[in-house]
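Here are the chains, one letter per residue:
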Amino acid sequence: MDIPKAYEAKNYENEIYARWEKSGYFNPDVLIENGLIKSTAPVFTIVLPPPNVTGQLHLGHAAMLAYEDLMIRYHRLQGYQALWLPGTDHAAIATQTKVEKIIASEGKKKEDLGREKFLEIVRDYVDKSKATIRNQIRKMGSSLDWSREKYTLDKDVSQTVYQVFKKMYDDGLIYRGNRIVNWCPRCQSTLADDEVEYEQQQANLYYIKYGPVVIATTRPETKLGDTGLAFNPNDKRYLHLLGKELKINFGVANIKVKVFADNEVDPEFGTGAIGVTPAHSQIDFAWAEKYKLPIIKVIDEKGKMTEAAGKYAGQDVLVCRENFVADLKQAGLLEKIEPINNNISICYRCHTAIEPLTSRQWFIDVNKKISRLDKSLKELAIEAVQTGLGGKSDKKIEIIPERFNKVYFHWLENLRDWCISRQIWWGHRIPVWYKNKKQKDEEAEIYVGITPPQEAGWVQDEDTLDTWFSSALWTFSTLGWPEGLDFKRFHPTQVLETGYDILFFWVARMIIMTTYVTGQIPFEKVYLHGLVRDRQGQKMSKSLGNGIDPLDMIEKFGADALRLSMIIGVTPGNDLILYEEKIAGYRNFVNKLWNISRYILMNLSELKLTNQYPQAKTLADEWILSEFNNLIFQVTEDLNQYKFSQAIEALYEFVWSKLADWYLEITKIEGNKSEILNYILQKLLILIHPFIPFVSEEIWTQSYNRNKQDKLMLMIQRWPQVIEKKSNPKIKDFLVLQKLIINLRSVKNESGIATKQSLPVDIYSKEFLSLFQQQQKIIENLARVKINWLDKDSMTANNKVITSEYSFVFKVDIKVKDKSKEIDTLNKYINGLEKKLKNKQFLSKAPSEVVTKEKEKLNEAKKKLAQIKKHP
């Protein structure tokens, strides 16, 4: 057959994907219409975690796509109604920030344009960005049903968002309240607790005279808004003050504080007494509710001091701090300043310091009992993973790996009410209207609905919903809840595959919202992949300059090589170490498969699609068919158990070692293997297709589908039938044969004899003589030896004895190669490594991974030296 000698991925991948997409076979409905799967077939559904419309495809996306496509292709080959639903997220803050930067480069602000004009620009940007993202996703080979593509701002999805908001409002779960929030002065918006990141900084701890006590604080400017003084009830130093109201004179300002004791106070921090600022601290706000403290806001949304700060009103926070500390010092109220390492909270998007402050916002109450369920949202979400909804095992979510259960439960148990309003323009506008009054007016009459009220005089809320609110509805809002046929057919979905870093951002919220709204779990399993790191174990980032662009890697090595590099050796929940050489290494395996397939196809007497199990004629046939049957069994079991790395590792070993290194070499000796090779190649391409879809489909096209018929494409073939894994007694004979050949090759290698050079050898075996004599041709050809069979009496003390589980003896008369130069070189190399590993400067500055690598090199060199000395 005329098959190109080399596989160049970039010459094939785009054309292959275009054929897949044109066939319509990514859509399970089309497969049913064409009689390729049954309408009664089981379903397997994944909704794609929607990438942000602002984004470029990064390695985290690429890993997600590789895993999800693997699962979908496997189940499609198994005859399932396999649906992988694509979509994108409007990414409220991220998108608005991006577009604001674009118009800022033109000297404009969004306020100059007005809301509607600005949103027009955002929509235009999003349309272009979505087209880019779709193309990037296709590059990975993702077999998504594009006919069902969704976007979080689609009309039907938005309708679901508003329905759920109203439902929660009617159930008393959504409320408007003046509570402490995380406020970003740059984004001018609230952030959820898990959207806040932390950065360590060098700060000061100020010790301030505070009436009869001294307190310590890192934020002296907030003390102007203190309304409480707290200490631990076990701290006897302050018991005499308990319950009193103290007047505190700061010289330039006077405040009143109520003294209380609470176990949350750390008696080891500072002096053990702390000033309580309810308007600017989460824990202080909780104390204010518990101990009925007044709330005084001294910092506003722009990061400036309010009128309540007296003479400091209008000053930036840091300017006020400097001035207030100077005034305290002048008044003799500043006792001392100590340096301290402090975690500062920052916005996850723009990295501006967060200002905790009280603000009138919309919240979801996660602790309130839902009357019809007698459970809170928090309890529902815990139950879904712990015991299953309603204690039913078929409504239980499994998290893979299981250790993340503990993390999930800890986050939920400590979850506070979720602030869902954002002060930005881009996103789902909150479906609340106020009668003739502004939204901040507590007395305003409110209307909550899916559509606007018909009467005049209603003004809609200016704020938008948190992006994660709409994302949390993703599994059912995309499938036409509540009455859509797709919802009834494909929900709950089977798997959510995503990074462990958004377990809280997204996964937990999906469970919270879906269990409440639908009474179903959103997915049966959560498969978590890790972060992608460089070879030093550092997280890839623009600032470090260590990122890898997956599109560059696809252009250079092909999508299949990139996919393999993200699956092999990786286990769920653990980070992935990735570098260019690793990807290049897996391109070698892709090329190996191509070359093996080409060799087989060029040596077949008949090429045909068959399910007929071939007849073994020789010992080698028995062995390879047994190994292949075991491979089908193992790969199927591993994929069913989400052990993706183990599955491809088994395929890798079979292709490279068992098939290429052994059986194909034997076919050159024994000949007449067409039926077996045809069967193995056909089924092997199906087995490996979920992992490396492009090259496997192209080999299939060059062989079994040369006319490029849609119905003969590899992606819709049937998974090989799993025959029960059985042990074949004849396999032991082949393993003995392998052991002898390996030992003969090893002796030649250790003696410096060229692999292709033939070598006379005397062989004796009491147990396996007959076997060896039957397989003499294979032994002589694969080991490159000329055999003389010995009897027991011919054995001498000079015979080379191989100690193993198999008993055989052979004698080789060879000239010993002088290895003194090699020994000298190794000794110098070992001395150099030992000197390096004793160097304190190297050990202190080098990354731990580099040190470990050097130690590994030293151990390998010592082993090699010992081996040479053992067999000189």
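Position numbers for residues start from 1 in each chain and track the written sequence from start to end. Local features in this predicted model are restricted to residues whose pLDDT is 70 or higher, and side-chain atom pairs enter the listing and the counts only when it is 80 or higher, whereas totals over whole chains, interfaces and linings include all residues. Water and hydrogen atoms play no part in the side-chain values, which are based on all heavy atoms of the structure.

(A) Geometry of helix α9 (residues 317-330). Helix and strand definitions follow DSSP, with helices as H or I runs of at least four residues and strands as E runs of at least two, each counted in order from the N terminus. Under the convention used throughout, the expected extent of a helix is 1.5 Å for every residue step, that is, one less than its residue count. The first and last C-alpha atoms of α9 sit 20 Å apart over 14 residues, in line with the 20 Å expected at 1.5 Å per residue. At its buried positions, α9 is contacted by β7 (196-210), β13 (334-347) and β14 (355-364). One or two positions beyond α9, positive phi appears at glycine 332, with a value near 75°. In this analysis, two residues are considered to be in contact whenever any of their non-hydrogen atoms come within 4.5 Å of each other.

(B) Focus on the pattern of salt bridges. By salt bridge we mean one thing: a side-chain nitrogen of Lys or Arg within 4 Å of a carboxyl oxygen of Asp or Glu. Across all of its chains, the model carries 50 salt bridges by this definition. Aspartate 29 serves as the salt-bridge partner of arginine 489, at 2.7 Å between the closest nitrogen and oxygen. Of this pair, arginine 489 sits in helix α14 (residues 485-490) while aspartate 29 is found in helix α2 (residues 28-33), placing the two residues 460 residues apart along the sequence. You can call arginine 489 partly exposed: its relative accessible area is 29%. The closest approach of N and O atoms between arginine 563 and aspartate 69, which form a salt bridge, is 2.8 Å. Of the two residues, arginine 563 is situated in helix α17 (residues 559-567) and aspartate 69 in helix α3 (residues 59-77); the sequence distance between them amounts to 494 residues. For each residue, the accessible area found with a 1.4 Å probe, counting protein chains only, is set against the maximum for its type, and the residue is called buried under 20%, exposed over 50%, and partly exposed in between.

(C) Fine view of the sheet that holds strand β19 (residues 446-448). Taken in spatial order, the three strands of this open sheet run β19-β18-β20, and their pairing is antiparallel. Each edge of the open sheet carries a strand with a single partner, namely β19 and β20 (458-460). Looking at each pair of strands side by side, their axes are set apart by 30° on average, direction ignored. Bridge count for strand β18 (residues 432-435) against β19 is three bridges, and the pairing is antiparallel. Paired with valine 432 across the two strands is valine 448, which belongs to β19. Any two strands between which DSSP finds at least two bridges are classified as paired. Lines fitted to C-alpha atoms define the axes here, with helix axes fitted over just the stretch in contact, and angles between the N-to-C directions of these axes take values from 0 to 180 degrees.

(D) Representation of the pairing of strand β22 (residues 493-499) in the model. Most of β22 is tucked away, with seven of its seven residues classed as buried. Here β22 runs beside strand β23 (residues 523-529); their pairing, made up of six bridges, is parallel. The residue of β23 that forms the bridge with glycine 499 is histidine 529. Think of it like this: strands point away, you trace from the first strand over the helix to the second, and a clockwise trace means the crossover is right-handed. In terms of handedness, the path from β22 via helix α15 (residues 503-518) over to β23 forms a crossover that is right-handed.

(E) Summary view of the sheet that holds β14. As summarised here, the arrangement of the four strands in space is β6-β5-β14-β16, forming an open sheet in which the pairing is antiparallel. Sheet topology places β6 (189-191) and β16 (418-419) at the edges, where each strand pairs with a single neighbour.

(F) Spatial organisation of the packing of aromatic side chains. Working definition: rings of Phe, Tyr and Trp (its six-membered ring) pair if their centres are within 6.5 Å, and the pair is stacked with planes under 30 degrees apart, edge-to-face with planes over 60 apart, and tilted otherwise. With the rule as written, the count across this model stands at 42 aromatic pairs. Both rings, one in tyrosine 67 and one in phenylalanine 644, keep their centres 5.8 Å apart while their planes meet at 40°; by these two values the pair is tilted. Of this pair, tyrosine 67 sits in helix α3 while phenylalanine 644 sits in helix α20 (residues 644-670); the two residues are 577 residues apart in sequence, bridging distant segments of the chain. The exposure classification of tyrosine 67 matches that of phenylalanine 644, with both residues buried. Centroid distance tyrosine 586 to tyrosine 652: 6.5 Å. Interplanar angle 85°. Geometry classified as edge-to-face. Taken as a pair, tyrosine 586 in helix α18 (residues 580-602) and tyrosine 652 in helix α20 lie far apart in primary sequence, 66 residues in all. By relative accessible area, which is 14% here, tyrosine 586 ends up buried. Residue tyrosine 652 is classed as partly exposed on the basis of its relative accessible area of 26%. Members of the aromatic cluster, joined through ring pairs, are Phe165, Tyr169, Trp362, Trp418 and Phe469. Charges are assigned to positions over rings by a cutoff of 6 Å between ring centre and Lys NZ or Arg CZ, combined with an angular limit of 35 degrees from the ring normal. Sitting above the plane of the tyrosine 599 ring, lysine 668 keeps its charged end 5.4 Å from the centroid.

(G) Representation of the side chain of aspartate 262 in the model. When you line up the elements, aspartate 262 lands in the loop between β11 (254-261) and β12 (273-276). A polar side-chain atom of aspartate 262 sits 2.9 Å from the main-chain amide nitrogen of glutamate 264. Beyond its immediate sequence surroundings of up to four residues, aspartate 262 is in contact with Phe231, Asn232, Pro233, Trp287, Lys290 and Tyr291. Whenever a nitrogen or oxygen atom comes within 3.5 Å of another N or O atom, the pair is scored as a polar contact, on the condition that within protein one atom can donate a hydrogen and the other can accept it, and that pairs from neighbouring residues in sequence are kept only if both atoms are in side chains.

(H) Summary view of the packing of helix α19 (residues 619-640) against α20. Relative orientation of the contacting elements α19 and α20 amounts to 170°, with a least axis distance of 10 Å. Considered as vectors, α19 and α20 are oriented roughly antiparallel to each other. The chirality of how α19 crosses α20 is left-handed. Of α20, the residues touching α19 (which contributes Ala620, Asp621, Trp623, Ile624, Glu627, Phe628, Leu631, Gln634, Val635, Asp638 and Leu639) are Phe644, Gln646, Ala647, Ala650, Leu651, Phe654, Lys658, Leu659, Trp662, Tyr663, Ile666 and Glu670. Across the contact of α19 with α20, the residue classes tally to 16 nonpolar, two polar and five charged. Oblique is the label for any angle not covered by the other classes, which are roughly parallel (under 35 degrees), roughly antiparallel (over 145) and roughly perpendicular (65 to 115). Crossings are assigned a handedness: left-handed for a near helix turned anticlockwise from the far helix by less than a right angle, right-handed for a clockwise turn. When residue character is reported, Ala, Val, Leu, Ile, Met, Phe, Trp, Tyr, Cys and Pro are called nonpolar, Asp, Glu, Lys and Arg charged, and the others, Gly included, polar.

(I) Summary view of the pairing of strand β5 (residues 174-184). Among the 11 residues that make up β5, eight are buried, leaving the element largely enclosed by the rest of the structure. Across 10 bridges, the pairing between β5 and β14 is antiparallel. Of the residues in β14, the one forming a bridge with isoleucine 174 is isoleucine 364. Summarising the sheet, β5 and β6 pair through three bridges and their orientation is antiparallel. Paired with cysteine 184 across the bridge in β6 is serine 189. Joining the antiparallel neighbours β5 and β6 is a turn of four residues, in which glutamine 188 adopts a positive phi near 55°.

(J) Here's a closer look at the environment of valine 385. Summarising the element assignment, valine 385 is placed in helix α10 (residues 377-386). Taking the C-alpha atoms as reference points, valine 385 and isoleucine 511, 126 residues apart in sequence, are found 9.0 Å from one another. Not counting the four nearest positions on each side in its chain, valine 385 is found in contact with Lys396, Ile397, Ile399, Asn405, Tyr408, Phe409 and Ile511.

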